[in-house]
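Structure assessment
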Amino acid sequence: MSFGVRKGEAFAVVGPNGSGKTTLLLSLMGLLKFRGEIRIFSQQLNGKGLRELRKKIGFVFQDPDTRLFVPTVGEDVAFGPRQLGYSGEETKKMVKEALMAVGMEGYERRFTHRLSYRENKIALALLLF
Amino acid sequence: MSHHRTSDLADRPSFIGRIDPRLRFFSFLSALVLISAARGRFLIGAALSLTGVVLFSSVVSVRFRRSVLRALLALLPFGAFVIIPMSLSRGTGGLWPLMRGQSPLVLIVLFAAIMGFDKLRGVLRFLRIPPIFISLLGFVYRYFFLFREELEKLDMALRNRSFSGSRLEGWRLRALLIGQVLLRSYRRSEEVYRAMVARGYDGKAR
């Protein structure tokens, strides 16, 4: 498989079940081993620099119980920034802004397990920082 | 006990609910240590009763109290399973060893019921408990209810397909069901790990 995606382009991968769509995406995130070459933002994907890469790329998992793995909404949105080294104050600010962006301000203390299907749009908030 | 009740009702105004969570935690811990170390049945019984009454009176809703009682009753057989053989092997009979052994567990359940999971974790952070343990506690809480729901769904699917075999066959199928849930849990744990790594997790809990 060989393809390129330019800046500003919306790119869709479609295919039947088992055709390798998820495998491809997981490989692009550096979560699976692969053969061949992957370049993202002009840098070769080779195990180094993955941390910086993950600051730029967001991946939304299909199953809400997989993508929301921390007890409360606020903590879940804060998980990414914390892991990537942002300070407590910066993280708080990012969480607030991300939740506002998806119209879910005030949801910080809600338990992720109690979210409705519609409320699962906080998955987008997980990527908005 | 449904997490809906623990999360909503633990924060309701009550005598103990108004006390700072850190003070609550330390008071409870001190009471537990004193009760465990005390000698004399009367003294221990009085201290336990007082602590239990104070804690239980903070559980404001009647429905919640029933849930707490059910949880406590479910706890008894496990404690008895451990304590009775120990007390028999030492030659000490009667219910006293069982009561003495079970009481701290009962108090812990009551305390957890009124504390609220969020506040409990806040206190653990205040105590500078290593983040990895607090994270693990969070995962256990998050996925315990999911695990239970999956079991219930599979059980419902089994009943929906009008299974009407023998009792032995029923137990066999339920054992297979539990095996299914464990396999699914293992698979989910791998997916959750990938989700964590995708969001920058590098092995250190922060």
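Residues numbered from 1 in each chain as written. Chains lettered and ligands numbered in written order. Predicted model: local features only at pLDDT ≥ 70, side-chain atom pairs only at ≥ 80, totals over all residues.

1. Quick notes on the overall build of chain B
For the record, the criterion: Helix and strand definitions follow DSSP, with helices as H or I runs of at least four residues and strands as E runs of at least two, each counted in order from the N terminus. Contact definition: two residues whose C-beta atoms, as placed from backbone geometry, lie within 7 Å.
Helix and strand counts for chain B stand at eight helices and zero strands. When the helices and strands of chain B are read in sequence order from the N terminus, they spell out α-α-α-α-α-α-α-α. Excluding contacts between residues fewer than 6 apart, the proportion of contacts in chain B whose partners are at least 24 apart in sequence is 71%.

2. Looking at the overall build of chain A
The test is simple: We call a residue exposed when 12 or fewer other C-beta atoms sit within 10 Å of its C-beta, buried when the count reaches 20 or more, and partly exposed for counts in between; the C-beta positions come from the backbone.
When helices and strands are tallied, chain A shows six helices and two strands. Sorting the 129 residues of chain A into buried and exposed places 23% on the buried side.

3. Details of the nonpolar core
To keep it simple, the criterion reads: We define the nonpolar core as any set of buried residues of the types Ala, Val, Leu, Ile, Met, Phe, Trp, Tyr and Cys, connected via C-beta atoms lying within 7 Å of each other.
Counting eleven residues, the largest nonpolar core consists of Phe25, Phe28, Leu55, Phe64, Val68, Val106, Leu110, Phe111, Ala113, Ile114 and Met115 of chain B. Looking at this core, the elements with two or more residues in it are helix 2 (21-37), helix 4 (62-90) and helix 5 (96-115) of chain B.

4. What about the interface of chain A and chain B?
In this assembly, 24 residues from chain A lie in contact with 23 residues from chain B. Residue assignment for the side of chain A that touches chain B shows that the elements contributing at least two residues are helix 2 (50-56), helix 3 (64-67) and helix 4 (73-83) of chain A. Take the side of chain A that touches chain B: its biggest share by element is four residues, from helix 4 of chain A.

5. Re the packing of helix 2 of chain B against helix 6 (residues 117-126) of chain B
Residues and elements named next belong to chain B. Basically, it comes down to this: Simply put, an axis is a line fit to the C-alpha atoms, just over the touching stretch for a helix, and the angle between two N-to-C directions goes from 0 to 180 degrees. Angle categories are assigned with fixed cut-offs, so that under 35 degrees is roughly parallel, over 145 is roughly antiparallel, 65 to 115 is roughly perpendicular, and the rest are oblique. Only Asp, Glu, Lys and Arg are considered charged, only Ala, Val, Leu, Ile, Met, Phe, Trp, Tyr, Cys and Pro nonpolar, and every remaining residue, Gly among them, polar.
For the pair helix 2 and helix 6, interaxial distance at closest approach is 9 Å and the crossing angle is 80 degrees. Overall, the two elements helix 2 and helix 6 adopt an arrangement that is roughly perpendicular. In this structure, helix 2 contributes Pro21, Arg22 and Phe25 to the contact, and helix 6 contributes Lys119, Gly122, Val123 and Phe126. Split by residue class, the contact of helix 2 with helix 6 holds four nonpolar, one polar and two charged.

6. Some words on the environment of Arg142 of chain B
Mapped onto the elements of the fold, Arg142 of chain B is located in helix 7 (residues 131-160). With sequence-adjacent residues up to four places away left out, Arg142 of chain B is seen in contact with Phe69, Val70, Pro71, Thr112 and His113 of chain A.

7. Here we look at the confidence of the model for chain A
Here is the rule: One confidence number per residue, pLDDT, is output by the predictor and ranges from 0 to 100.
On average, residues of chain A score 83 in pLDDT, and 93% of them reach the 70 mark or higher. Mean pLDDT per element in chain A: helix 6 (residues 122-125) of chain A is the minimum at 67, and helix 5 (residues 88-101) of chain A is the maximum at 90.

8. A short note on unusual backbone geometry
Backbone geometry places Phe41 of chain A, a non-glycine residue, at a positive phi of 50 degrees. On the neighbour-count criterion, Phe41 of chain A (11 C-beta atoms within 10 Å) is exposed.

9. Some points on helix 3 (residues 41-57) of chain B
Residue and element names in this part refer to chain B. Here is the rule: Expected helix span is taken as 1.5 Å per residue step, with the number of steps being one fewer than the number of residues. An arc is given here, and it is the one of the directions from the helix axis to the C-beta atoms.
For helix 3, spanning 17 residues, the distance from its first C-alpha to its last is 24 Å, which sits close to the expected 24 Å at 1.5 Å a residue. If you check which residues of helix 3 are buried, you get Leu48, Thr51 and Leu55. Viewed along the axis of helix 3, the buried residues span an arc of 70 degrees, placing them on a single side of the element. In helix 3, the exposed positions angled more than 90 degrees off the buried face are occupied by Phe42, Ser49, Leu50 and Val53.

10. Considering the environment of Met115 of chain B
Here Met115 of chain B shows up in helix 5. The spatial distance from the C-alpha of Met115 of chain B to the C-alpha of Phe25 of chain B is 8.4 Å, given a sequence separation of 90 residues.

11. Remarks on the environment of Ile114 of chain B
Residue and element names in this part refer to chain B. Within the secondary structure, Ile114 is located in helix 5. Given 26 C-beta atoms within 10 Å, Ile114 falls into the buried group. A C-alpha to C-alpha distance of 7.6 Å links Ile114 and Leu55, two positions 59 residues apart in sequence.

12. Focus on the packing of helix 4 of chain A against helix 5 of chain A
Residue and element names in this part refer to chain A. Short version of the rule: The sense of a crossing depends on the near helix, which, turned anticlockwise from the far helix by less than a right angle, makes the crossing left-handed and, turned clockwise, makes it right-handed.
The geometry of helix 4 relative to helix 5 is characterised by a closest axis approach of 9 Å and an angle of 125 degrees between their N-to-C directions. In terms of axis orientation, helix 4 runs oblique to helix 5. Crossing of helix 4 over helix 5 shows right-handed handedness. Contacts between helix 4 and helix 5 involve Gly74, Val77, Ala78, Pro81 and Arg82 on the former and, on the latter, Glu90, Thr91, Met94, Val95, Ala98 and Leu99.

13. Quick notes on the confidence of the model for chain B
Reading fine detail from the predicted coordinates is not recommended where pLDDT is low. Residue and element names in this part refer to chain B. Looking at chain B, pLDDT values average 76 and 81% of them are 70 or higher. Within chain B, the lowest mean pLDDT, 50, falls on helix 1 (residues 3-9), and the highest, 85, falls on helix 8 (residues 167-198). In the model, residues 1-5 has pLDDT below 50 throughout and makes eight contacts with residues more than four positions away in sequence or in other chains. Across the predicted assembly, pTM comes out at 0.70 and ipTM at 0.79.

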